[in-house]
Amino acid sequence: MGPTMVRGGLMVTVVAAASIAGVLGSAPAASGATGQLGSPVESASVRPSAVMSAVSCKSCGRNLIVNPSAEAGVAGDGDRVVVPGWRQHGEFTVTSYSSPGGDVDASSPGPRHGGANYFYGGSSNARSWATQTIEIAKSGVRSGKVKYRLSAWLGGYATQADRTTLTASFRNAKGRQLAVAKVGPVTEADRQGVSGMARRKAKGLVPAKTRQVVVKLVMVRAEGSYNDGLADALSLVFKRRG
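In this report, we go over the structure that sits alongside the text.

### Things to note about the packing of aromatic side chains
- According to the stated counting rule, one finds 6 aromatic pairs in the structure shown.
- With a centroid separation of 6.5 Å and an interplanar angle of 40 degrees, the aromatic rings of Trp-86 and Phe-92 are classed as tilted.
- When its relative accessible area of 7% is taken as the criterion, Trp-86 is described as buried.
- With centroids separated by 5.6 Å and ring planes inclined at 70 degrees, the aromatic side chains of Trp-86 and Phe-119 adopt a geometry described as edge-to-face.

Pasting the structure below:
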């Protein structure tokens, strides 16, 4: 308690400010309150921008493609094998870089860290492909400020014109296509007649209503008996803009 003063016939007890602070020290400051000398007391509430950052883009910051480098499962030797994560059509398959009969090996032009296997068009078919459907969380994406980057190493065999393309179809909750991104092909001229792969990439904005992305890898035979479309190190990554 502080000293007692008499004002206008009334007895007033003055309580020290430090005592009040001790009693109320654990109470939260009211928004907009002012402290000593009229300086504002910072509110403990989170700023709107911080709230927006906290609502993270759950589909951002990672490769969304499952088994993007053909490393899951067992590789074939040109014959068709089951490729985990992909819905296969035709003779679409996976082959090892160490396969004696393969189109490419570890020394061929291609991804630096390509792993053990690569995607291959297969035997005795003019066109083969594989797809996978990726579910997209609407948090973050619906802001319309999320960017995508699609990339892949694509190629073919020697002087043959067999080729590969990778597409990503952005779709809404009802499956309607909103936009499509495409990379490839890498032509025989691009490869200068050498068996191998080269990287292709595309980027843009993810449509705000995207709830699915259907990724499709297509190999086309132009000549010969084998479909020598090649692919490896596929990637689809979302990133918040700003």
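Let's pick the thread back up.
### Overview of the pairing of strand 11 (residues 212–220)
- Of all 9 residues in strand 11, 7 are buried; the element is thus mostly enclosed.
- Two strands pair when backbone bridges link them, and strand 6 (residues 127–135) and strand 11 are joined in this way by 9 bridges, in the antiparallel orientation. Bridge pairing in strand 11 links Ser-128 to Met-219.
- With 9 bridges connecting them, strand 8 (residues 163–171) and strand 11 associate as antiparallel partners. Across the sheet, the residue bridging to Arg-171 is Gln-212, located in strand 11.

### Quick look at the state of the cysteines
- One pass over the full model with this rule turns up 1 disulfide.
- Across the disulfide, Cys-57 is cross-linked to Cys-60 (sulfur-sulfur distance 2.1 Å). Taking the sign of the torsion about the S-S bond as the criterion, the disulfide between Cys-57 and Cys-60, at about 75 degrees, is right-handed. Just as Cys-57 is buried, Cys-60 falls in that class too.

### Digging into the nonpolar core
- Judged by nonpolar contacts, the single largest core of 36 residues is most densely connected at Trp-86, Phe-119, Val-213, Leu-217, Leu-234, Leu-236 and Phe-238.
- Contributing elements (two or more residues each) for this core: strand 6, strand 7 (146–156), strand 8, strand 9 (177–183), strand 11 and strand 12 (226–240).
- Of the residues forming this core, the biggest block, 5 residues, is contributed by strand 7.
- Those residues within four positions of Leu-217 in sequence are excluded, and the remaining contacts are Trp-86, Phe-92, Phe-119, Ser-128, Trp-129, Ala-130, Leu-154, Thr-164, Thr-165, Leu-166, Ala-231 and Leu-234.
- Grouped together as the second largest cluster of nonpolar side chains are 6 residues, Val-104, Tyr-118, Tyr-120 and Leu-230 included.

### Side note on the environment of Ala-208
- On the secondary structure map, Ala-208 appears in the loop between strand 10 (196–205) and strand 11.
- The class of Ala-208 is partly exposed, set by a relative accessible area of 33%.
- Setting aside residues up to four positions removed in sequence, Ala-208 forms contacts with Val-141, Arg-142 and Gly-144.

### Side note on the pattern of salt bridges
- Evaluation of the coordinates by the stated rule reveals 1 salt bridge.
- Of the charged contacts, one joins Arg-200 and Asp-190 as a salt bridge, the two residues approaching to 3.5 Å between their closest N and O atoms. On the criterion of sequence distance, the pair formed by Arg-200 in strand 10 and Asp-190 in helix 3 (residues 188–191) is long-range, its members being 10 residues apart.
- Assessed through its relative accessible area of 28%, Arg-200 is described here as partly exposed.
- Take Asp-190: its relative accessible area is 43%, and that puts it in the partly exposed class.

### Points about unusual backbone geometry
- Cis geometry marks the peptide bond from Gly-184 to Pro-185, where omega comes out at 5 degrees.
- Mapped onto the elements, Pro-185 comes out in the loop between strand 9 and helix 3.
- Even without a glycine there, the phi angle at Ser-124 is positive, about 50 degrees.
- Within the element layout of this structure, Ser-124 appears in the loop between strand 5 (117–123) and strand 6.
- Note on Ser-124: relative accessible area 63%, which makes it exposed.

### Some thoughts on the sheet that holds strand 6
- Pairing in this open sheet of 5 strands is antiparallel, and the strands run 3-6-11-8-9 from one edge to the other. Edge positions in the sheet fall to strand 3 (87–89) and strand 9, since each has one partner strand and no second. Within the sheet, the average angular offset between the axes of one strand and its neighbour, ignoring direction, is 20 degrees.

So, how was this worked out
Residues numbered from 1 in each chain as written. Predicted model: local features only at pLDDT ≥ 70, side-chain atom pairs only at ≥ 80, totals over all residues. Heavy atoms only, no water. Phe/Tyr/Trp six-rings, centres within 6.5 Å; stacked < 30°, edge-to-face > 60°. Buried < 20%, exposed > 50% of the residue type's maximum accessible area, 1.4 Å probe, protein only. Helix = DSSP H or I, 4+ residues; strand = E, 2+ residues; numbered from the N terminus. Pairing = 2+ DSSP bridges. Disulfide = S-S within 2.5 Å. Core = buried A, V, L, I, M, F, W, Y, C linked by side-chain atoms within 4.5 Å. Contact = heavy atoms within 4.5 Å. Salt bridge = Lys/Arg side-chain N within 4 Å of Asp/Glu carboxyl O. Axes fitted to C-alpha atoms, helices over the stretch in contact; angles between N-to-C directions.

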